[in-house]
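Here is how the chains run, residue by residue.
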Amino acid sequence: MEFRGIHDADPLDTSVLVLQDRHRSHLIDTEQLQEILRPRQQMRAFMSMWRMDVRIQPYVIRAGFLGIYRLGHIAIDWPLITSLVERWRPETHTFHVPVGEMTITLQDVAILLGLRIHGPAVTGTCVLDVVALCAELLGVTPPADAIRGATISLRWLCLHLSTPPPDADEVTLERCARGFILALIGSFLFADKKGVHVPMCFLPLLRDLMQTATYSWGGAVLAHTYRELCRASLDRSRGISGCITLIQL
């Protein structure tokens, strides 16, 4: 796609890039938008308040999420993320840079995050009985103030599941592992806008951790990242959520 030049980023031909009038690059060009995006991610907070108990590590490995935990918190370069978002085109799902077009691929997700990119799709519903689901799969019942819609407080999960009792049996350890993985998913892979709650729609997929490992988590993360890039690249968005580390790496 051709552009006018360094000082005018508007495309010459808008027959494909039909959303230019709503794109961040257009707002910047007209001096209506000059602030840096603030990525919303709580991996640092998660890592600081929830240290993985060595007894649940085999369950995390079984589910295929140990690599994500070992990746840990990586400081986000906000100006870099903002620049990438300004070059993201939702019409083509590619970054438009001076040397051409590029994008994030499934191979990138598999190599950088270590997530599976083959298998059944990650799908489900947000119409859930959160209290009953927590009681069944986590062994604890959340109070009303820990629930917001179909999400649950990250801090509450940490408080009740981060430290298994010394005499914990296999059932208890597996429940704690489910809580840990759910918090990891909600803090890093599918973080919400505020980063203080995690979506409960993923918990049913953690019922059988052997089955959990067969899902295409990498495909779901890539699709979610594309959606967040598209949302952040339009209008006057001030932040971006999702797996920001994937974009930066």
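Owing to the predicted nature of the structure, the values given are computational and were not obtained by experimental measurement.

With 72 residues, the main nonpolar core has Phe65, Leu113, Leu157, Phe180, Leu189 and Trp217 as its most contacted residues. Examining the composition of this core, we find that 11 residues originate from one element, helix α9 (residues 170-189), more than from any other. Excluding residues within four positions of it along the chain, phenylalanine 65 makes contact with Val60, Leu115, Ile181, Leu184, Ile185, Leu189, Thr212 and Trp217.

Where helix α8 (residues 154-161) meets α9, the axes come as close as 10 Å, and the angle between the chain directions of the two elements is 155 degrees. With respect to α9, the axis of α8 lies roughly antiparallel. The element α8 and its partner α9 pack so that their crossing is left-handed. Residue-level contacts link Leu154, Leu157 and Leu161 of α8 to Cys176, Gly179, Leu182, Ala183 and Ser187 of α9. Here the residues of the contact of α8 with α9 sort into six nonpolar, two polar and no charged.

Here the protein chain averages 84 in pLDDT, while 88% of its residues score no lower than 70. Predicted confidence for residues 2-7 stays below pLDDT 50, and this span has 12 contacts to residues more than four positions away or in other chains.

Another aspect to go through is the packing of aromatic side chains. The final tally for this structure, using the stated rule, is eight aromatic pairs. Ring geometry for tryptophan 88 and phenylalanine 95: centres 4.8 Å apart, planes at 70 degrees, overall edge-to-face. Per residue, the accessibility class of tryptophan 88 equals that of phenylalanine 95, and both read buried. Here the aromatic residues Phe65, Phe190, Phe202, Tyr215 and Trp217 are joined through ring pairs into a cluster of three or more.

Before going further, it helps to spend a moment on the pattern of salt bridges. Using the criterion set out here, one finds five salt bridges in the structure. Of the charged contacts, one joins aspartate 53 and arginine 55 as a salt bridge, the two residues approaching to 3.1 Å between their closest N and O atoms. Arginine 178 serves as the salt-bridge partner of glutamate 174, at 3.5 Å between the closest nitrogen and oxygen. One end of the pair, glutamate 174, and the other, arginine 178, are both in helix α9, four residues apart, so they sit about a helical turn from each other. There is no split in this pair, since glutamate 174 and arginine 178 are both buried.

With that out of the way, let us pick up the layout of surface pockets. Estimates place the volume of the second largest pocket at around 160 Å³. Lining the second largest pocket are 13 residues, with Phe190, Ala191, Pro199, His224 and Arg227 sitting closest to its centre. Counting residues per element, the lining of the second largest pocket draws most heavily on helix α11 (residues 217-233), which supplies four residues. Of the residues in the lining of the second largest pocket, the class split is six nonpolar, two polar and five charged.

We now examine α8. The set of residues buried in α8 consists of Leu154, Trp156, Leu157, Cys158 and Leu161. Regarding α8, its N-cap is serine 153, as a side-chain oxygen of that residue lies 3.3 Å from the backbone nitrogen of arginine 155 further along.

Glancing now at α9. In this model α9 runs 27 Å from its N-terminal to its C-terminal C-alpha over 20 residues, within 8% of the 28 Å that 1.5 Å per residue would give. With 16 of its 20 residues buried, α9 lies for the most part within the structure.

Our focus in this paragraph is the sheet that holds strand β4 (residues 88-89). Each strand in a sheet pairs with its neighbour through backbone hydrogen bonds, running either in the same direction (parallel) or in the opposite one (antiparallel). Strand order across the open sheet formed by three strands is β4-β5-β6, with antiparallel pairing between neighbours. The strands lining the two open edges of the sheet, one partner per strand, are β4 and β6 (100-102). In this structure, β4 lies alongside strand β5 (residues 94-97), joined through two bridges in antiparallel fashion. Each bridged residue has a counterpart across the sheet, and for tryptophan 88 the counterpart in β5 is phenylalanine 95.

With that settled, the discussion passes to the sheet that holds strand β8 (residues 151-153). Across the sheet, which stays open at both edges, the three strands sit in the order β7-β8-β9 with antiparallel pairing between neighbours. Because the sheet does not close on itself, it has two edges, and the strands there are β7 (147-148) and β9 (197-199). Inspection of the sheet shows β8 paired to β9 by three bridges, in the antiparallel sense. If you follow threonine 151 over to β9, its bridge partner there is proline 199.

What counts as what
- Residues numbered from 1 in each chain as written.
- Predicted model: local features only at pLDDT ≥ 70, side-chain atom pairs only at ≥ 80, totals over all residues.
- Heavy atoms only, no water.
- Core = buried A, V, L, I, M, F, W, Y, C linked by side-chain atoms within 4.5 Å.
- Buried < 20%, exposed > 50% of the residue type's maximum accessible area, 1.4 Å probe, protein only.
- Helix = DSSP H or I, 4+ residues; strand = E, 2+ residues; numbered from the N terminus.
- Contact = heavy atoms within 4.5 Å.
- Axes fitted to C-alpha atoms, helices over the stretch in contact; angles between N-to-C directions.
- Parallel < 35°, antiparallel > 145°, perpendicular 65-115°, else oblique.
- Left-handed = near helix turned anticlockwise from the far one by under 90°.
- Nonpolar A, V, L, I, M, F, W, Y, C, P; charged D, E, K, R; others polar.
- pLDDT = per-residue confidence, 0-100.
- Phe/Tyr/Trp six-rings, centres within 6.5 Å; stacked < 30°, edge-to-face > 60°.
- Salt bridge = Lys/Arg side-chain N within 4 Å of Asp/Glu carboxyl O.
- 1 Å grid on protein atoms, 1.4 Å probe; cavity = no way out; pocket = protein on both sides within 12 Å on 5 of 7 lines; lining within 4 Å.
- Points joined across faces, edges and corners; volume = space filled by probe spheres on them.
- Polar contact = N/O pair within 3.5 Å; in protein donor to acceptor, adjacent residues only side chain to side chain.
- Expected span 1.5 Å × (residues − 1).
- Pairing = 2+ DSSP bridges.

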